[in-house]
Amino acid sequence: EIRVEYKNDRPLEFEIGDNELMITENVKFVVSLFAGDRSDNGVKIYLPKTAYRDISIYTGTGSVSVGNISCKKLSAVTETGDITVESMRYLSSVTTTSGRISANIDKIVQDTSFLNRDGDIDLVLPSESSVAVDFKTTDGECKTDLISGHISGSYLYAFNGGKRRIDVTAEHGTFTFKERT
């Protein structure tokens, strides 16, 4: 059973299609998911506890929060808003144009990517994980307690053999990563 909670000034349309739930305000605007402290309006979707193949979340304005889910691939995209992912253990593509990305990674999955055009990215990695972090930036910086000193510019960081690569792009922001203690 899928449960949806929402508060909105306008009526919402819910359409369930072939493995898809689409929520819209009208033909021109898509509802802001998890609007959080920026608005009293928002939508929360609770999925049954099961394994999913792909989960895709797209919103124009509003923050996205992903809890403890089981899937093979997650795609979360917002133009303006924060994205928070807890217990990440699946292939992911997380993108925002303006906002903050925060992810608590339980398992490093090859080719996971994070893109933020104008904002910060904070990642918590499993301790002692074998990871290569391919960091790209225009004028941002990288902060980590895993390497001593100040780091600016694009760089490939490898830890514990660097077996699985993740891509991180913070064009105009700070990328911070640390190991879980």
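Preceding block: the structure.
Scope of this entry: the structure provided in the associated data block. (Residues numbered from 1 in each chain as written. Predicted model: local features only at pLDDT ≥ 70, side-chain atom pairs only at ≥ 80, totals over all residues. Heavy atoms only, no water.)

Comments concerning the overall build of the chain
Link 1 in the chain: For the chain, the helix and strand inventory stands at zero helices and 18 strands.
Link 2 in the chain: Here the chain holds 181 residues, and the buried ones make up 40% of them.
Link 3 in the chain: The long-range fraction of contacts in the chain, counting pairs at least 24 apart against all pairs at least 6 apart in sequence, stands at 42%.
Link 4 in the chain: A total of about 10,400 Å² of accessible surface is found on the chain, and carbon and sulfur atoms cover 47% of it. (Helix = DSSP H or I, 4+ residues; strand = E, 2+ residues; numbered from the N terminus. Buried < 20%, exposed > 50% of the residue type's maximum accessible area, 1.4 Å probe, protein only. Contact = heavy atoms within 4.5 Å. Areas by Shrake-Rupley, 256 points an atom, 1.4 Å probe, with all protein chains shown as cover.)

Some points on the packing of aromatic side chains
For any two aromatic rings, the description comes down to two numbers: the centre-to-centre distance and the angle of the planes.
Link 1 in the chain: Tallied over the entire structure, the rule returns five aromatic pairs.
Link 2 in the chain: With a centroid separation of 6.0 Å and an interplanar angle of 55°, the aromatic rings of Tyr157 and Phe177 are classed as tilted. Placement of the pair is Tyr157 in strand E16 (residues 155–159) and Phe177 in strand E18 (residues 174–179), with a sequence separation of 20 residues.
Link 3 in the chain: Phe177 gets classed as buried once you look at its relative accessible area, which sits at 1%.
Link 4 in the chain: On the basis of an interplanar angle of 65° and a centroid distance of 5.6 Å, the ring pair of Phe159 and Phe177 is categorised as edge-to-face. With Phe159 in strand E16 and Phe177 in strand E18, the pair connects residues that are 18 residues apart, well separated along the chain.
Link 5 in the chain: Since its relative accessible area comes to 12%, Phe159 is described here as buried.
Link 6 in the chain: In textbook terms, an aromatic cluster arises when at least three aromatic residues are bridged by ring pairs, as seen for Phe135, Tyr155, Tyr157, Phe159, Phe175 and Phe177. (Phe/Tyr/Trp six-rings, centres within 6.5 Å; stacked < 30°, edge-to-face > 60°.)

Observations regarding the sheet that holds strand E12 (residues 121–125)
Link 1 in the chain: The strand order across the open sheet built from seven strands is E6-E8-E10-E12-E18-E14-E15, with neighbouring strands paired in mixed fashion. Only two strands of the sheet have a single neighbouring strand rather than two, namely strand E6 (64–66) and strand E15 (151–152).
Link 2 in the chain: Examined bridge by bridge, strand E14 (residues 141–144) and E15 share two bridges and lie antiparallel to one another. Each residue of the ladder has a partner; that of Glu141, found in E15, is Ser152. (Pairing = 2+ DSSP bridges.)

Quick notes on the nonpolar core
Link 1 in the chain: Residues Leu74, Phe114, Leu123 and Phe175 are the most contacted members of the largest nonpolar core, which totals 33 residues.
Link 2 in the chain: Setting aside anything within four residues of it in sequence, one finds Leu123 in contact with Ala103, Ile105, Phe114, Ile166, Val168, Phe175, Thr176, Phe177 and Lys178. (Core = buried A, V, L, I, M, F, W, Y, C linked by side-chain atoms within 4.5 Å.)

A closer look at the pattern of salt bridges
Link 1 in the chain: In this structure the tally under the stated criterion is eight salt bridges.
Link 2 in the chain: A salt bridge links Asp106 to Arg89; the shortest N-O distance between them is 3.7 Å. You can see Asp106 sitting in the loop between strand E10 (101–105) and strand E11 (112–118) and its partner Arg89 sitting in the loop between strand E8 (83–88) and strand E9 (91–98), a full 17 residues away along the chain.
Link 3 in the chain: Here Asp120 and Arg100 are joined by a salt bridge, their closest N and O atoms 3.2 Å apart. Here Arg100 lies in the loop between E9 and E10 and Asp120 lies in the loop between E11 and E12, a separation of 20 residues in the sequence.
Link 4 in the chain: Residue Arg100 is classed as partly exposed on the basis of its relative accessible area, which comes to 33%.
Link 5 in the chain: Connected through shared salt-bridge partners, Arg89, Asp106 and Arg180 make up one network. (Salt bridge = Lys/Arg side-chain N within 4 Å of Asp/Glu carboxyl O.)

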